[in-house]
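Descriptive analysis of the structure
What follows is each chain in one-letter form.
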Amino acid sequence: MIENFIKSSEYTQKLFDVDDEVMKSMEIESLNDNVPIISREVLNFMIFNAKGIRAKNILEIGTATGYSGLFLAQIANENGGQLTTIEIDEKRHKKAIENFKKVGIFEKNHLILGDALEEIPKLNKDNKFDFIFIDAAKGQYIKFFTMCWNLLNENGIVFIDNIMFRGLVSESETEVPKRYRTIVQRLKEFIQKLNNEFDFVLLPFGDGVGLVRK
Ligand SMILES: C[S@@+](CC[C@H](N)C(=O)[O-])C[C@H]1O[C@@H](n2cnc3c(N)ncnc32)[C@H](O)[C@@H]1O
């Protein structure tokens, strides 16, 4: 069963191969420099959702070097809007700027260096988002989500990656390595809250994807 799942996952990853040189080199760089980026299968699903609602203004929490951001920015720009993306690590933020410049869309978008917990409250409350991608520190997901909710337009979508944290969220507490127990406990509480109070779907593919609609 699990072998079938792994095979299917490999098949999907290959199927969604990215044919752009900049993107390909970013995938290689992320492997070499240990920068975690979105998997191709989750990326494709995210693009499908953002395009489906013709997302104009998009917020990303966790830019890294701009891989997912470049796709989101192009969707936002095509719809007459922009991507706002926040990254805490200065080196990654600078690399993301370089990558946005290479693709020629740096000026049209807004790359912020800083802690999202401090930067989100500074965003203009009158300029709401249609699509919010949460992809930063998993222990803070519930805080990011709560801070962003008021910035989301009606019918907007919050897309949350890695919400099942390597499948550990579905394990009993004793099976979870001690160093991850706090993060896993917080993610479980977050999922419970989303499930009880919001229009939410949890998809156990990739590293677990959560979708919330307003
Ligand atoms: C999984 S990576 C993002 C990958 C990126 N979205 C992509 O798919 O190309 C998570 C990033 O979030 C950043 N991060 C972690 N905590 C953060 C915070 N509080 N505010 C802003 N960025 C944060 C990390 O430095 C890291 O680069």
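These numbers were taken from a predicted model, which means no experiment stands behind them.

1. Thoughts on the layout of surface pockets
Estimated volume of the largest pocket: approximately 950 Å³. Around the largest pocket, the lining comprises 38 residues; the ones closest to its centre are Val35, Pro36, Ile37, Asp135 and Asn162. Where the lining of the largest pocket is concerned, the elements lending two or more residues are α2 (21–32), α3 (40–52), β2 (83–87) and α6 (116–119). Looking at the lining of the largest pocket, its residues break down into 16 nonpolar, ten polar and twelve charged. In this structure, the second largest pocket spans a volume of roughly 160 Å³. Those elements that place two or more of their residues in the lining of the second largest pocket are α2 and α5 (90–103). Ranked by residue count, the leading element in the lining of the second largest pocket is α5, at three residues. The class makeup of the residues in the lining of the second largest pocket is one nonpolar, two polar and six charged.

2. Topic: the side chain of Ser68
Secondary-structure assignment places Ser68 in helix α4 (residues 67–78). Taking relative accessible area as the criterion, Ser68 reaches 5% and is therefore assigned buried. A polar side-chain atom of Ser68 sits 2.5 Å from a polar atom in the side chain of Glu60. Not counting residues up to four positions away in its chain, the partners in contact with Ser68 are Ile38, Leu43, Met46, Glu60 and Phe133.

3. As for the site of the ligand
Around the ligand, 22 residues are found, and the nearest of them are Gly62, Glu87, Arg92, Ala116 and Asp135. One of the side-chain nitrogen or oxygen atoms of Arg92 is found 2.8 Å away from an oxygen atom of the ligand. For the ligand, whose free accessible area comes to 610 Å², the fraction covered by protein is 90%. Given that more than half its atoms are within 2 Å of the pocket grid, the ligand belongs to the largest pocket. Elements with a minimum of two residues in the shell around the ligand: α4 and β2. Residues belonging to the shell around the ligand are distributed by class as follows: twelve nonpolar, four polar and six charged.

4. Things to note about unusual backbone geometry
Here the phi dihedral of Asn155 falls at roughly 70°; this positive angle occurs in a residue that is not glycine. Secondary-structure assignment places Asn155 in strand β5 (residues 152–161). Its relative accessible area of 55% is what places Asn155 among the exposed residues. One non-glycine residue, Phe165, lies in the positive phi region at around 40°.

5. Structural notes on the pattern of salt bridges
Oppositely charged side chains can form a pair if their charged atoms are brought close together. Tallied over the entire structure, the rule returns seven salt bridges. Linking Lys95 and Glu29 is a salt bridge whose minimum nitrogen-to-oxygen distance equals 3.8 Å. Taken together, the residues span a long stretch of sequence, with Lys95 in helix α5 and Glu29 in helix α2 at a distance of 66 residues. Of the charged contacts in the structure, one is a salt bridge between Lys193 and Glu197, with a shortest N-O distance of 3.2 Å. With a gap of four residues between them, Lys193 and Glu197 both fall in helix α8 (residues 181–197), about one helical turn apart.

The rules behind these values
- Residues numbered from 1 in each chain as written.
- Predicted model: local features only at pLDDT ≥ 70, side-chain atom pairs only at ≥ 80, totals over all residues.
- Heavy atoms only, no water.
- 1 Å grid on protein atoms, 1.4 Å probe; cavity = no way out; pocket = protein on both sides within 12 Å on 5 of 7 lines; lining within 4 Å.
- Points joined across faces, edges and corners; volume = space filled by probe spheres on them.
- Helix = DSSP H or I, 4+ residues; strand = E, 2+ residues; numbered from the N terminus.
- Nonpolar A, V, L, I, M, F, W, Y, C, P; charged D, E, K, R; others polar.
- Buried < 20%, exposed > 50% of the residue type's maximum accessible area, 1.4 Å probe, protein only.
- Polar contact = N/O pair within 3.5 Å; in protein donor to acceptor, adjacent residues only side chain to side chain.
- Contact = heavy atoms within 4.5 Å.
- Near = heavy atom within 4 Å.
- Areas by Shrake-Rupley, 256 points an atom, 1.4 Å probe, with all protein chains shown as cover.
- Sits in = over half its atoms within 2 Å of the grid points.
- Salt bridge = Lys/Arg side-chain N within 4 Å of Asp/Glu carboxyl O.

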